[in-house]
Amino acid sequence: MNCRRLENKVMLVTGAASGIGAATATRLAAEGAVVWGGDLAPWAELPAWAAGDAARCARLDVTDDEAVAALIEAIVAREGRLDGVVHSAGVLGHGTLHEMAPAAVERVLRINLEGSLNVARHAVKPMLAQGSGSMVLVASVLGLHAHAGSVAYNVSKGGVVMLAKTLAVDYGTAGVRVNALCPGFVETPMTAPVAQYPAALKQLTDWHALGRFGRPEEMAAVAAFLVSDDASFVTGHAMVADGGWTAGQRVIVE
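Residues numbered from 1 in each chain as written. Predicted model: local features only at pLDDT ≥ 70, side-chain atom pairs only at ≥ 80, totals over all residues. Heavy atoms only, no water.

Under an unreviewed UniProt entry, the chain has the name Ketoreductase domain-containing protein and belongs to Thauera terpenica 58Eu. Its UniProt record gives the chain a comment under Sequence similarities (unreviewed entry), which states: "Belongs to the short-chain dehydrogenases/reductases (SDR) family." (UniProt positions renumbered as here; feature names shortened; annotations may be inferred.)

Next comes the structure, spelled out in structure tokens:
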């Protein structure tokens, strides 16, 4: 691996205050990128990848189309370009359709799917102008196959996968690549509550062929590949990084 393969590339990472987003921002910076991070959550402290420049950490609500546009315009005004985006912001949502209040379903769809649309809509504009760029939209294995009791999340992430494929087809000849990253369960603040339910935790763990959850830095490594020129012929792909979840089911005998 070329450890500086993103030298001087300008990257935006959403959901960058924690979890996969934070690990990805750290990885991209380590590979030489100029990283801007956006997150709705408050920044507990200035991350190392901001290089002492607090302007590169922004409060961002991805459901606010105008705020997304303003941040990307600020990045381009300051850096002169936008080479890549890893859109990691998202939320979970539990419940079957008849159990979930319409407002709860709408919230998940707005953040996960509409947020992806907003980020992609504005990120692609400078990429089209410069004739190059790469976007990675973080989806989920649950965007590829259904998981009981997660209707809003499943639908939202399935939409993100199809969004990546559609954008890849729309913008490929303009030099813009778009891929979806589909993690299995990853050890993040978002998935931490499952530890309160030992039986569910065991079942979810057993569904991974590797017998464990993923780590944020493992997802960051995949995102860094997809956004880099090493993946120059990869677009419209739903890259699965799930520890073998979708490979098949193991029978656990106790």
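Following the structure, the description resumes.
**Describing the overall build of the chain**
If you tally the helices and strands in the chain, you get 6 helices and 7 strands. Ordered by position from the N terminus, the helices and strands of the chain form the series β-α-β-β-α-β-α-β-α-β-α-α-β. In terms of principal-axis extent, the alpha carbons of the chain reach across some 55 × 40 × 40 Å. Per-residue burial over the chain gives 50% buried out of 254 residues. Expressed as a percentage of contacts within the chain between residues at least 6 apart in sequence, the contacts between residues at least 24 apart total 70%. Surface summary for the chain: the accessible area is close to 11,700 Å², and the carbon and sulfur share equals 58%. The positive charge centre, built from 19 side chains, and the negative charge centre, built from 24, are 3 Å apart in the chain. (Helix = DSSP H or I, 4+ residues; strand = E, 2+ residues; numbered from the N terminus. Buried < 20%, exposed > 50% of the residue type's maximum accessible area, 1.4 Å probe, protein only. Contact = heavy atoms within 4.5 Å. Areas by Shrake-Rupley, 256 points an atom, 1.4 Å probe, with all protein chains shown as cover. Lys, Arg positive; Asp, Glu negative; His and termini not counted. Charge placed at Lys NZ, Arg CZ, Asp CG, Glu CD.)

**Things to note about helix α3 (residues 102-130)**
An ideal rise of 1.5 Å per residue puts 42 Å on 29 residues; α3 measures up with 41 Å between its terminal C-alpha atoms. Of all the bends found along α3, the most pronounced is centred on arginine 110 and spans about 35 degrees. Looking one or two places after α3, you find glycine 131, whose phi comes out positive at around 80 degrees. (Expected span 1.5 Å × (residues − 1). Bend = angle between axes of the 7 residues up to and from the residue.)

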